[in-house]
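Each chain, written out:
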Amino acid sequence: MMLRVESIDVGYGTAQVLYGLSFSAQPGQITCLLGRNGAGKTTTLHALMGLLPLMAGEIRLGSTTISGLAAPDVVKQGIALVPQGRRLFGALSVAENIEIGLMASPKQGKTEHRRNRSRVLELFPRLKERLGQQASTLSGGEQQMLATARALCVEPQVLLLDEPTEGLQPSIAQQLRDVSRELARQGVAVVLVEQHLDTVLELADSAVLIESGRLVRTLSAEQLKNNPSLVTRHLGI
Amino acid sequence: MEFGPHLILALLEGSVTAAVLALTAAGLAIVFGMLRVVNVAHGEFFMLGAVFAWFVTSGLSELANVPPAPAFLCALIVAPIATGAVAALADRLVLSRIGYDPERTIVATIGLLYVLQQLTLMTYGPEARPVEAPFNTRIALPWFEQGSDGWALYWPWGFGTTSYKLFVIGAAAGLLIILWLLLRHTRLGLVMRATQQDRDMASAFGIRVNRVYAMVFGLGAALAALGAVLVVPIQQAHYLMGGDPLLMSFIVVIIGGLGSVAGTVVAAIMIGLADGVVSVFFSATLAKIIATIAVALVLVFRPHGLFGRRSA
C-alpha cells in the first residue's frame, strides 16, 4: 500500500522541526530520506510511526488516514520501525524481543506466530543461536539484526529504517542491505534514512532531500546516479 | 526463658514482619521501577486493604453467617482487587494527567494519601477493628537441653507460635513466587518489562502504555493490600495504620535498590528479621531507629542500594 505524506508540520512542544514536508513511498520500492544531521529525518519517521503528533498536514496509508493515530494503532495498520541506535529491550532476551514484535503482528494465533518467528529467524540465522541471550550483550551487528527481525515480525506493509547500517562491519551491513532489497521485492514500501552514499546509490528507488525540515526536491534512482554530487552536498559529506 | 528459644521467638516474629513487609514493599518497588513514581500514598493502599478486609469479613459474618475461614478467604481475594481498582482509577484520574512527572506525582500522591485517609475516616470511622483469623491454633515448640544423660528435648513454657503466623509467612512466600512467575514467565510480565525499559518503543510495538501503567499502579496497590489482609488478624484495621508500612517500605526499597523487586524482597527479610530481634530483646522504637540509620548509611555509601544498578 502506498504511504503518502502531505504537508506535515511536526515539532517537539513548541519547537517546530518539519515544515510542510510532502513525499510518498511506493510499495515494492525503497525511498531514501536524505539530509544533514538535524534536518528532520528521524523526526519524520517518528511522526509516521505516531510517536510524535502532527501540528498540521496528513499521513495516509492507501485510502486510510493514519495521522492522529497513536503508535499502537499505527503499527496495527502495518507500519513498523527499526529505530536509530536499535533501541532494543536490552534486559530482555533475544526470544523475548522477537515475542514483543510478534505481539504487534496483525496475524495472531499460535500457528501464525510460529510461522512468522521461523521466517524472521531464517533471515537472521545468527539470532537463532542466541535466543536465550540478553539483547544488550549481543554485538552491534547482531543487535541491528534483532531490531530488524523484531520489526519484521509485524509483517509490515511499510518498513521505516533509521540508519540501519550505522557503525556496522561491511559484511553485516551488506546482509541488511540485501534484506531491505528482498523486502522491497516482496512488495513492502521501505522508507530508509541513510547517510552512506554507497548504500543510497545501491538501494534507493527514489530519494527525498530534506534541509532544515523542508523538502528540497525528490529524485528518481536515475537522477541520483547522475547527480551523486547533489546527494553528497545534502548528506554533508 | 533461655537465650536460644528467646532468639527463635524473635526470629519468628521478625519473619512475620518480613513477610508482610516484602509484599508491601514489592508493590512500591514495582511502581517506582516502572513508572518512576514515588508513591507516597502506598501506605494508604495498605490501610484500604485492611479496611476492605474488615468490611468483607464482618459483612459476610453478619449478613450470611459465613464462618471466619471462608470469609477471610473472600477478603483475601476481594480486598486486593478493590484496592487495585481504586489505585488504577487514581492513576487514570490523576497520575496519567500529569504525565507521571516525578516531582508532581509526589505532590499528587501526598494529596491522594489525605483523600483516602479522610474518606476512610468518614465511612469506616476512627475505631480500630479486629478481623478474626481463619485459624489460630497455638503451636508449642520444643528446645534442647543437655542433662546428665546427654541432649534431651523439652517444651519451654511460652515458647511457641500460632498456626496463623506460620500461614502468613508461607502465604507471603507463595504470593511472592506467583509475582515472580507473573513478571518473568507470562505475556503480561513481558509487556510490563518491555514498557519499563523503553516506553516509546513499547508503544511502537502495539503496547498500550497508559493501560500498562494503570495496571502496574493497581498491582502495586494490590500487593500492599494483600500484605494488609494477611496482617490484619494480628493487628487491627485502622484509618491511620498506613504510616508505618509506608516508612518501612521506603526503607526497604531504598536499601534493596530502587526499582529492584528481588533486592526489595532480600532487604525486607533483613530489615524484618532485625526488627523482630531488636523489638523482642530491646524495643520496637530502637528497631525503627536502627532501620532509619541503616537507610541513611545506604544513601551515603551506596545510593543505588545494595542490589540496585548504578544509573549511568
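Residues numbered from 1 in each chain as written. Chains lettered and ligands numbered in written order. Predicted model: local features only at pLDDT ≥ 70, side-chain atom pairs only at ≥ 80, totals over all residues. Heavy atoms only, no water.

Some thoughts on the overall build of chain A
In step 1: Each helix and strand counted, chain A has 10 helices and 10 strands in total.
In step 2: Each of the three principal axes of chain A carries a C-alpha extent, and together these read 45 × 35 × 30 Å.
In step 3: Summarising the internal contacts of chain A: among those between residues at least 6 apart in sequence, 69% fall at separations of at least 24.
In step 4: About 9500 Å² of surface is accessible on chain A, with carbon and sulfur atoms providing 48% of the total.
In step 5: Measuring between centres, the 24 positive side-chain charges of chain A sit 2 Å from its 22 negative side-chain charges. (Helix = DSSP H or I, 4+ residues; strand = E, 2+ residues; numbered from the N terminus. Contact = heavy atoms within 4.5 Å. Areas by Shrake-Rupley, 256 points an atom, 1.4 Å probe, with all protein chains shown as cover. Lys, Arg positive; Asp, Glu negative; His and termini not counted. Charge placed at Lys NZ, Arg CZ, Asp CG, Glu CD.)

A closer look at the interface of chain A and chain B
In step 1: Each partner contributes to the interface: chain A provides 24 residues, whereas chain B provides 17 residues.
In step 2: Taking both partners together, chain A and chain B bury about 1900 Å²; carbon and sulfur atoms supply 64% of that area.
In step 3: Inspection of the region where chain A meets chain B yields 3 salt bridges.
In step 4: The salt bridge partner of Asp198 of chain B is Arg87 of chain A, with a shortest N-O separation of 3.0 Å.
In step 5: If you look at where chain A meets chain B, you find 5 residue pairs in polar contact (both at pLDDT 80 or more).
In step 6: Residue assignment for the side of chain A that touches chain B shows that the elements contributing at least two residues are helix H2 (71-76), helix H3 (94-103) and helix H6 (140-152) of chain A.
In step 7: Among the elements that take part in the side of chain A that touches chain B, H3 of chain A stands out by supplying 5 residues, more than any other.
In step 8: In terms of residue class, the side of chain A that touches chain B is made up of 15 nonpolar, 4 polar and 5 charged. (Buried area = accessible area lost by both parts, 1.4 Å probe. Salt bridge = Lys/Arg side-chain N within 4 Å of Asp/Glu carboxyl O. Polar contact = N/O pair within 3.5 Å; in protein donor to acceptor, adjacent residues only side chain to side chain. Nonpolar A, V, L, I, M, F, W, Y, C, P; charged D, E, K, R; others polar.)

Description of helix H11 (residues 284-301) of chain B
Residue and element names in this part refer to chain B.
In step 1: For H11, spanning 18 residues, the distance from its first C-alpha to its last is 26 Å, which sits close to the expected 26 Å at 1.5 Å a residue.
In step 2: Along H11, the residues classified as buried are Ala287, Ala291, Val295 and Val298. Down the axis of H11, the buried set is contained in an arc of 75 degrees. They therefore lie on one face. Exposed side of H11, more than 90 degrees from the buried face: Thr285, Val300 and Phe301 are the residues found there. (Expected span 1.5 Å × (residues − 1). Buried < 20%, exposed > 50% of the residue type's maximum accessible area, 1.4 Å probe, protein only. Arc of directions from axis to C-beta.)

What about a nonpolar patch on the surface?
Residue and element names in this part refer to chain B.
In step 1: On the surface, a cluster of nonpolar side chains totalling about 820 Å² of accessible area is made up of Phe282, Leu286, Ile289, Ile290, Ile293, Leu297, Val300 and Phe301.
In step 2: Checked against the element boundaries, Ile290 lands in helix H11.
In step 3: Note on Ile290: relative accessible area 39%, which makes it partly exposed. (Patch = residues over 30% accessible without salt bridge, like charges linked within 9 Å, V, L, I, M, F, W, Y side chains within 5 Å.)

Topic: the pairing of strand S3 (residues 30-34) of chain A
Residues and elements named next belong to chain A.
In step 1: Of all 5 residues making up S3, 5 are buried, and the element is well covered by its neighbours.
In step 2: On S3, burial covers both faces: Ile30, Cys32 and Leu34 on one face and Thr31 and Leu33 on the other are all buried.
In step 3: Taken together, the 4 bridges between S3 and strand S8 (residues 189-193) define a ladder with parallel strand orientation. Residue pairing for S8: Ile30 is matched across the bridge by Val190.
In step 4: In this structure, S3 lies alongside strand S9 (residues 206-211), joined through 4 bridges in parallel fashion. (Pairing = 2+ DSSP bridges.)

Some remarks on the pairing of strand S10 (residues 214-220) of chain A
Residues and elements named next belong to chain A.
In step 1: Looking at chain direction, S9 and S10 are connected through 6 bridges and run antiparallel. Its bridge partner lying in S10, Ser206 is registered against Ser220.
In step 2: Between S9 and S10, which pair antiparallel one after the other, the connecting turn spans 2 residues, and Ser212 there sits at a positive phi close to 50 degrees.

Describing the packing of aromatic side chains
Residues and elements named next belong to chain B.
In step 1: Applying the stated criterion to the full structure yields 12 aromatic pairs over all chains.
In step 2: Note on Phe45 and Phe217: the rings are 5.9 Å apart at their centroids and 90 degrees apart in plane angle, and the pair reads as edge-to-face. You can see Phe45 sitting in helix H2 (residues 42-64) and its partner Phe217 sitting in helix H8 (residues 209-231), a full 172 residues away along the chain. For the pair formed by Phe45 and Phe217, the shared burial category is buried.
In step 3: A ring pair is formed by Trp143 and Phe159, whose centres lie 6.1 Å apart and whose planes are at 85 degrees; its orientation type is edge-to-face. (Phe/Tyr/Trp six-rings, centres within 6.5 Å; stacked < 30°, edge-to-face > 60°.)

Side note on the nonpolar core
In step 1: Counting 170 residues, the largest nonpolar core has Leu3 of chain A together with Phe45 of chain B as its most contacted members.
In step 2: With 14 residues, helix H1 (residues 3-35) of chain B is the single largest residue contributor to this core. (Core = buried A, V, L, I, M, F, W, Y, C linked by side-chain atoms within 4.5 Å.)

Section: the domain arrangement of chain A
Residues and elements named next belong to chain A.
In step 1: We note that the domain assignment places domain 1 (26-52 + 68-78 + 156-237) and domain 2 (89-154) within chain A.
In step 2: The distance between the C-alpha centroids of domain 1 and domain 2 comes to 22 Å.
In step 3: Contact with domain 1, which involves 11 residues of that partner, is made by 14 residues of domain 2.
In step 4: Both faces combined, the contact of domain 1 with domain 2 buries some 1200 Å², and carbon together with sulfur accounts for 72% of it.
In step 5: Inspection of the domain 1/domain 2 interface yields 0 salt bridges.
In step 6: Remark: the boundary between domain 1 and domain 2 carries 2 residue pairs in polar contact (both at pLDDT 80 or more).
In step 7: Contributions of two or more residues to the side of domain 1 that touches domain 2 are made by H2 and helix H7 (170-185).
In step 8: The element best represented in the side of domain 1 that touches domain 2 is H7, accounting for 5 residues.
In step 9: For the side of domain 1 that touches domain 2, a count of residues per class yields 9 nonpolar, 1 polar and 1 charged. (Domains from an automatic or database assignment.)

Things to note about the environment of Val253 of chain B
Residue and element names in this part refer to chain B.
In step 1: In this structure, Val253 sits in helix H9 (residues 243-256).
In step 2: Taking relative accessible area as the criterion, Val253 reaches 2% and is therefore assigned buried.
In step 3: Between the alpha carbons of Val253 and Gly305 there is a distance of 8.1 Å; along the sequence they are 52 residues apart.
In step 4: In this structure, Val253 is in contact with Ala25, Leu28, Ala29, Leu258, Gly259 and Thr264, ignoring residues within four places of it in sequence.

Digging into the pattern of salt bridges
All names here are of chain B.
In step 1: By the definition in use, this model includes 20 salt bridges over all chains.
In step 2: Arg104 serves as the salt-bridge partner of Asp101, at 3.7 Å between the closest nitrogen and oxygen.
In step 3: Since its relative accessible area comes to 25%, Asp101 is described here as partly exposed.
In step 4: We classify Arg104 as partly exposed; its relative accessible area is 47%.

Brief notes about the side chain of Ser58 of chain B
In step 1: Mapped onto the fold, Ser58 of chain B is located in helix H2.
In step 2: Looking at Ser58 of chain B, its side chain comes within polar contact range of the main-chain oxygen of Trp54 of chain B, at 2.6 Å.

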